[in-house]
Each structure stands twice: as structure tokens, then as C-alpha cells.
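Residue-level listing of the chains:
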Amino acid sequence: MGYVLAATNTKTLWYLTRGTGLVALVLLTGSVLLGVVEVGGWARPAWPRFVTAGLHRNLSLLATAFVVVHIATAVLDSYAPIGWLDAVVPFHSPYRPLWLGLGAVAFDLLLAVLITSLVRRRLGYSAWKAVHWASYACWPIALVHGLGTGTDTSTSWVLALSLGCLAAVVAAVWWRLWQSRLGAAGVAPGLARSAPGASTSGVSVRAAALVVSVLVPVLVVAWLLAGPLKPGWSVRAGTPKSDITTPTSSAGG
Amino acid sequence: MAVKLAVNWIECKGHGLCAQLFPERISLDEWGYPIIDPTPIPHQLEAHARRAADACPTLALLLQRET
């Protein structure tokens, strides 16, 4: 009886880890989208700027809460040998070290962005903003972590959801780049004001951002096709042998 | 111990969130930059003033304590 209960709990934790991870991805995607919309100065009479700003803030906090539950359940669950330190120190876990490590990197970046935002007024605008750029690194790293460790990556709706998130963020970045180009050209003075990067040095920054925003999705899709979507990924990803011996009876896979 | 609003005009980029969040004392000029009404802020409005100051994207709206 106790054994059955323990097994059920383990399954519950493992499913919670997977579920909260996916929800966190969706929330972080929403947060990134709102951040891009906010900095781009988009607003409508029925959707003023403080709504975007407030939603960006609250969605980020909610996403962080889900990430914390995601990590806690992954550590507490006994199916995968993941320790508390693995949540913040990357690439040392016996379980899928690289792909779990990316999650730790993303979490560290998320913490940096979160903490600097909470003490923004003490920190000053430019220092806060410099750290906040890490969001653009945090998000794709978190996505690749999800696709690389994800038990559910090859499930069609999870794959569609992940690719949908990727497409949405890439579209938002392109919109922002297009818009700041208009601002730089002086076509829309109202936009130029909200585009601090609109200068000659801004051109190279925008060009680099465009290259990255094209490269990242191409590389992610190519890697997906060559890696996680090919049979035998869980072995190649670095799952300990003890966790693979009974794939049919285990809660994960 | 009343509070007073001030704008750092070097940092202000005219995002306009402050006027949306604290219209009791802040309006916008035709270019979108804030105009601060110097009427003293009563205690019950302080929370709104603080929220406006916290929401400023460039931290240009300052809430100062007057003694």
C-alpha cells in the first residue's frame, strides 16, 4: 500500500515537473512578447501602455513562480537524479547534464533579471537595462532546455506549442526591428523617441539582432530534426542507464 | 510630511505612463512630456503617485518627501 502511494506521488511530481515546465514556457513567452511590445511603444486607447507594463511585470512573476515549482518538483521527484544544486549550477547533473544545465543557465539569468528589476530604483536605469537584455538570452536557452530534456518533446501538441512560442517571439523581434528602422529613418518621430537604439551604432545592433533572430529558429529546428525527434534521444541526451532499463513501467520516458 | 513629484528631464523620454496612472496631478504636453500640477498631494493619493513613479520606464519620475 505504502509502495503504491509512493509510486503515485512520484508520478504526480514527475507530471507536475513536465506540466509546470510547459506552462512556464508559455508564460515566459507572453512576458517576452509584452516586453518587446512595451519597449516598442505600442498602445491603443483600449490598451494603454501601463496595461502592457503591468501585465509584463505580473506575467514574469507568475512565470517565475511556475519555474520554482518546476524545479522543486524535479528535485523532489525520485525518478530523475536531480539535486538542488543542479537548479543553479549548470552541467553537473548525472541526468541529461547538457540539457538540464541549460535550464540552470536560464534560471540563473531569470533570477538576475528578476532581482535587478525588484531593486531597479536602487540600481539605476542603465545598469538595470543592461541586465534586462539577458532576457533575450534566457528565453531561447529555456526553450532549448525544454526541447532537449522534455519527455514530451515529440508529442505533437507540445512540439506545436514550442514552435508556436518560437514563431511568436521571432515575429515580435522582427516587428520591433522593423519599427526601430522606421524610427531611425525619421519617418515616424513619435516612434524615434521610444527607440533609444535609433542611431548609427543602432544600425549594427539591429543587423546583428536580425541575423540572430534568423539563425536561432533555423538552428533550433535543424537540431530538433537531428536530435530530440530522432529515436533514442533519451540515451544520447545523457539519461542515466538505471532510468532507461524499464521504459514501459516508468512514469517518464 | 507630504510628498512631491519631480521629473528628471534628462531621463524622461515621454512614455506617458505617469499621466495614465496619476491623472490627478500629471497631464501631458503636446509632445507627450509630463506637466506636473504643483497642488499638494493629499495622503490618500500618495499610493497613486508612488505607483506612477514606480511605473516610469526610465525612472525619471521622482517622488520626494517634503519635511
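Since we're looking at a predicted model, the values are computed, not measured.

Structural notes on the confidence of the model for chain A
Residue and element names in this part refer to chain A.
- Taken over all residues, the pLDDT of chain A has a mean of 86, while the share at 70 or more is 85%.
- Averaged pLDDT values for the elements of chain A fall to 44 in helix α8 (residues 189-192) and rise to 96 in helix α6 (residues 135-149).
- Counting contacts from residues 187-198, a segment whose pLDDT is below 50, to residues more than four positions away or on other chains yields 24 contacts.
- Ignoring residues within four places in sequence, the model shows residues 246-253, a span with pLDDT below 50, making 13 contacts including any to other chains.

Concerning the packing of aromatic side chains
Residue and element names in this part refer to chain A.
- Taken as a whole, this structure holds 6 aromatic pairs over all chains when the rule is applied.
- The interplanar angle of 35° and the centroid separation of 5.0 Å between the aromatic rings of Trp99 and Trp223 together place this pair among those described as tilted. Placement of the pair is Trp99 in helix α3 (residues 97-118) and Trp223 in helix α9 (residues 200-226), with a sequence separation of 124 residues. As far as burial versus exposure is concerned, Trp99 and Trp223 are alike and both buried.

Thoughts on the side chain of His70 of chain A
Residues and elements named next belong to chain A.
- As for its placement among the helices and strands, His70 is situated in helix α2 (residues 49-76).
- Residue classification places His70 among the buried residues on the basis of a relative accessible area of 18%.
- The contact partners of His70, leaving out residues within four places of it in the chain, are Thr17, Thr20, Gly21 and His145.

Regarding the pattern of salt bridges
- Within the structure shown, the criterion is met by 3 salt bridges over all chains.
- Between Asp152 of chain A and Arg18 of chain A there is a salt bridge whose closest N-O contact spans 2.7 Å. Placement of Asp152 of chain A in the loop between α6 and α7 (156-184) and of Arg18 of chain A in helix α1 (residues 2-39) is noted, with a sequence separation of 134 residues between them.
- Of the residues examined, Asp152 of chain A reaches a relative accessible area of 16% and is grouped as buried.
- For Arg65 of chain B, the salt bridge is made with Glu46 of chain B, and the minimal N-O distance between the two is 3.5 Å. In this pair, Arg65 of chain B is assigned in strand β4 (residues 61-66) and Glu46 of chain B in helix α2 (residues 46-55), connecting sequence segments 19 residues apart.

Section: the environment of Leu55 of chain A
- With respect to the secondary-structure elements, Leu55 of chain A resides in helix α2.
- With near-sequence residues (within four places) excluded, Leu55 of chain A lies in contact with Leu34 and Trp47 of chain A.

Notes on the interface of chain B and chain A
- Contacts between the two partners involve 17 residues from chain B, matched on the other side by 10 residues from chain A.
- Overall, the association of chain B and chain A removes approximately 1200 Å² of surface from exposure, summing both partners, and the carbon and sulfur fraction of that is 51%.
- Taken as a group, His15, Gln20 and Leu59 of chain B account for 40% of the area that chain B buries against chain A, more than any other trio of residues on that side.
- Linking chain B with chain A are 1 salt bridge.
- Here Asp54 of chain B makes a salt bridge to Arg121 of chain A, at a shortest N to O gap of 3.8 Å.
- Our count for the contact surface shared by chain B and chain A stands at 7 residue pairs in polar contact (both at pLDDT 80 or more).
- Going through the elements one at a time, α1 (17-21), α2 and β4 of chain B are the ones with two or more residues in the side of chain B that touches chain A.
- Per element, the largest residue contribution to the side of chain B that touches chain A is 3 residues, and it comes from α1 of chain B.
- Of the residues assigned to the side of chain B that touches chain A, the class counts are 10 nonpolar, 4 polar and 3 charged.

A short note on empty space enclosed by the protein
- Taken as a whole, this structure holds 2 cavities of 30 Å³ or more when the rule is applied.
- Taken together, 36 residues make up the lining of the largest cavity; nearest its centre are Gly21, His70, His145, Gly146 and Thr149 of chain A.
- Looking at the lining of the largest cavity, the elements that each hand over two or more residues are α1, α2, α3, α6 and α7 of chain A.
- Considering every element that reaches the lining of the largest cavity, the biggest residue donor is α1 of chain A, with 8 residues.
- In terms of residue class, the lining of the largest cavity is built from 22 nonpolar, 11 polar and 3 charged.
- Looking at the second largest cavity, its volume works out to about 120 Å³.
- Lining the second largest cavity are 15 residues, with Cys12, His15, Gly16, Cys18 and Cys56 of chain B positioned closest to its centre.
- Among the residues forming the lining of the second largest cavity, the class breakdown is 9 nonpolar, 5 polar and 1 charged.

So, how was this worked out
Along every chain, residues carry numbers that run from 1 in the direction the sequence is written. Think of it this way: whatever chain is written first is A, whatever ligand is written first is 1, and the rest follow in order. Under the rules for a predicted model, residues below a pLDDT of 70 receive no local features and side-chain atom pairs below 80 are neither given nor counted, while totals for whole chains, interfaces and linings still include all residues. Heavy atoms throughout the structure, all of them, feed into the side-chain values; hydrogens and water do not. A residue's pLDDT is the predictor's confidence in that residue, given on a scale from 0 to 100. Secondary structure is summarised from DSSP: a helix means a run of H or I of at least four residues, a strand means a run of E of at least two, and numbering begins at the N terminus for each. Residues are treated as being in contact if the distance between any of their heavy atoms lies within 4.5 Å. Note on aromatic pairs: the rings of Phe, Tyr and Trp (six-membered ring only in Trp) are paired at centre separations within 6.5 Å, and the planes decide the class, stacked below 30 degrees, edge-to-face beyond 60, tilted for the rest. Residue burial is assigned from relative accessible area. The probe radius is 1.4 Å, only protein chains are included, and a residue is buried under 20% of its type maximum, exposed over 50%, and partly exposed in between. The term salt bridge refers to a pairing of a side-chain nitrogen on Lys or Arg with a carboxyl oxygen on Asp or Glu at a separation within 4 Å. Summed over both partners, buried area is the accessible surface (1.4 Å probe) that two parts give up on being assembled. Any pair of N or O atoms that falls within 3.5 Å is considered a polar contact. Within protein, one atom must be able to donate a hydrogen and the other to accept it, and sequence-neighbouring residues count only if both atoms are side-chain atoms. When residue character is reported, Ala, Val, Leu, Ile, Met, Phe, Trp, Tyr, Cys and Pro are called nonpolar, Asp, Glu, Lys and Arg charged, and the others, Gly included, polar. A cavity here means a set of points on a 1 Å grid, drawn over the protein atoms and nothing else, where a 1.4 Å probe fits but cannot get out; a pocket is an open set with protein on both sides within 12 Å along at least five of seven lines, and a residue lines either one if it has an atom within 4 Å of a point. Grid points are joined across faces, edges and corners, and a volume is the space filled by probe spheres set on the points.

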